[in-house]
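Single-letter residue listing:
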Amino acid sequence: MNYQKMADYRNSHNPYVQRQGVFVEEIGPGYARVTKTVVPEDANPLGVPHGGVYFTMADTACGSAMASYGYKAVTMNANYNFFRSANVGGCLTAEAREVKHGRTVCVFEVRITEQDGTLLGTGTFTFYKLPEKLDI
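So, a few notes on the structure that sits alongside this text. Quick caveat, the model's predicted, so the values are computed rather than measured.

## Focus: the sheet that holds strand β2 (residues 31–37)
Pairing is antiparallel in the open sheet, where 6 strands are placed in the order β1-β2-β4-β5-β6-β3. The sheet terminates laterally at β1 (23–28) and β3 (71–82), the two strands that pair on one side only. When strand polarity is set aside, the average angle formed by the axes of neighbouring strands in this sheet is 20°. Taken together, the 10 bridges between β3 and strand β6 (residues 119–133) define a ladder with antiparallel strand orientation. For Tyr-80, the partnering residue across the bridge sits in β6 and is Gly-123.

## What to know about the pairing of β6
Note that strand β5 (residues 105–114) and β6 share 9 bridges and pair antiparallel. Note that in β6 the partner of Cys-106 across the bridge is Phe-127. Linking two consecutive strands that pair antiparallel, namely β5 and β6, is a turn of 4 residues; a positive phi of about 90° is found at Gly-117 within it.

Rules used in this analysis
- Residues numbered from 1 in each chain as written.
- Predicted model: local features only at pLDDT ≥ 70, side-chain atom pairs only at ≥ 80, totals over all residues.
- Heavy atoms only, no water.
- Pairing = 2+ DSSP bridges.
- Helix = DSSP H or I, 4+ residues; strand = E, 2+ residues; numbered from the N terminus.
- Axes fitted to C-alpha atoms, helices over the stretch in contact; angles between N-to-C directions.

So this is what it looks like as structure tokens:
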């Protein structure tokens, strides 16, 4: 499996995350890391990133880790815990790691941190693996 090619493909074929400024940096077996710099357009009325920013990063990281096995998949369940907020200009990293790899159901945990390592939140995402292979 060419993981760099997979990351490049995910970065170039996902218009939603492109618009959000989320970038898949690395994919490996059951693992993925994505990054994003918080811009003023990401802010909610309180001046901090909207919760959707974190959730998008978490889902993208976990979905990319799931894709590392070469099959299409859909999210079955997702849970995200908000601990702290970043500031506009902050550089965020979401790292997803596999917890359970089943024949059709796989579970991933994700951690989102700020550039100084401050933990902003965690999540658990469950995916259903479809029988179709990815076209990468």
